[in-house]
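Each chain is listed here by its residues.
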Amino acid sequence: MTTIYILTGACMIVSLVTAIFRNFHKERGRLASKLTASLLFCAIGLVAATMRTDFNVRAAWLLAALLLGGLGDVLLGLDHFVVPERQSFLFLIGGAPFFIGHIIYVVLLLSYGSFSPFLFLLIPFVPLLFLSLHLGKVFDLGRSLPFLLLYGTMLSVMLLSTFAVATQGGNIGKLMIFPGILFTISDTALFLNRFGSKRASKIEPALSFLIMLPYYAAQSLFAISVLYI
């Protein structure tokens, strides 16, 4: 486990550096550090896979979801290297691997065991949060509103699935207490940064850390769970 701990610590340190580069508008450094952090969480998953006594289909799909997350990181990191009129398209294209990866996470976790049907009450939570921020003029989502409400629904289902596994206990249960929450924090901060009003722009430096640190922490937790799923 020592290698996993070292890689996880390195991933978090590099994610901190990425947020700093983002705040100082060092785009080449941000892209390089973002790619490095993504490679690190993928490496955590691969190391965890080698530590298993057997390698099952769930572990393989979890690794695939991690790789999709890394691909999304690269695509979204290119946003400042394209002309402004292409940035929205790149944002949607970069979001697609994350969306597919989230679907894989959800299917894997919901198939892991039984869970309380009361957890389904969480499904409206994130889309209602996004909608309320939009109606309250904190977000200005424009034509992206349907896409982000759909993405918010997926985040809510992610919360449901991680909590479902967390309630079952064991090593993987301990790991799944936080990833859904961390993804929700990260993506909400990302949308505030991209679609936020002038009020949101005042906290832009803090948003960089709220985007990067929770995201890479969540991916690292999923990567470690390759060992137990």
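From a predicted model like this one, the values you see are computed outputs, not experimental measurements. (Residues numbered from 1 in each chain as written. Predicted model: local features only at pLDDT ≥ 70, side-chain atom pairs only at ≥ 80, totals over all residues. Heavy atoms only, no water.)

1. Quick notes on the packing of helix α2 (residues 27–50) against helix α3 (residues 57–77)
Where α2 contacts α3, the two axes come as close as 9 Å, and the packing angle between them is 175°. The orientation of α2 relative to α3 falls into the category roughly antiparallel. Each of Arg30, Leu31, Lys34, Leu35, Ser38, Phe41, Cys42, Gly45, Leu46 and Ala49 in α2 lies in contact with α3, whose residues at this interface are Leu63, Leu66, Leu67, Gly69, Gly70, Asp73, Val74, Leu76 and Gly77. Across the contact of α2 with α3, the residue classes break down as eleven nonpolar, five polar and three charged. (Axes fitted to C-alpha atoms, helices over the stretch in contact; angles between N-to-C directions. Helix = DSSP H or I, 4+ residues; strand = E, 2+ residues; numbered from the N terminus. Parallel < 35°, antiparallel > 145°, perpendicular 65-115°, else oblique. Contact = heavy atoms within 4.5 Å. Nonpolar A, V, L, I, M, F, W, Y, C, P; charged D, E, K, R; others polar.)

2. What to know about the packing of helix α6 (residues 145–166) against helix α8 (residues 179–195)
Relative to each other, α6 and α8 sit at 160°, their axes nearing to 8 Å. In terms of axis orientation, α6 runs roughly antiparallel to α8. In the packing of α6 onto α8, the handedness of the crossing is left-handed. For the pair α6 and α8, the contacting residues are Leu148, Tyr151, Leu155, Met158, Leu159, Thr162 and Phe163 in the first and Pro179, Gly180, Ile181, Phe183, Thr184, Asp187, Phe191 and Phe195 in the second. Here the residues of the contact of α6 with α8 are counted per class, giving eleven nonpolar, three polar and one charged. (Left-handed = near helix turned anticlockwise from the far one by under 90°.)

3. A word on the packing of aromatic side chains
The tally for this structure, following the rule as stated, stands at 14 aromatic pairs. When the centroid spacing of 6.0 Å and the interplanar angle of 80° are considered together, the rings of Tyr151 and Phe191 count as edge-to-face. Taken together, the residues Tyr151 in helix α6 and Phe191 in helix α8 connect sequence positions 40 residues apart. Note on accessibility: Tyr151 and Phe191 belong to one class, buried. An aromatic cluster of at least three residues, connected via ring pairs, comprises Phe41, Phe98, Tyr105, Phe183, Tyr215, Tyr216 and Phe222. (Phe/Tyr/Trp six-rings, centres within 6.5 Å; stacked < 30°, edge-to-face > 60°. Buried < 20%, exposed > 50% of the residue type's maximum accessible area, 1.4 Å probe, protein only.)

4. Re helix α1 (residues 2–23)
Every α-helical turn comprises 3.6 residues, leaving residues that sit three or four positions apart pointing alike. In this model, α1 (22 residues) spans 32 Å end to end at C-alpha, consistent with the 32 Å of a helix rising 1.5 Å per residue. All of the buried residues along α1 are Ile4, Leu7, Thr8, Cys11, Val14, Ser15, Thr18, Ala19 and Arg22. Across the axial projection of α1, the buried residues extend over an arc of 150°, all falling on one side. Opposite the packed face of α1, turned more than 90 degrees from it, sit the exposed residues Thr2, Tyr5, Ile6 and Ile13. Just beyond α1, the residue with positive phi is His25, at close to 60°. (Expected span 1.5 Å × (residues − 1). Arc of directions from axis to C-beta.)

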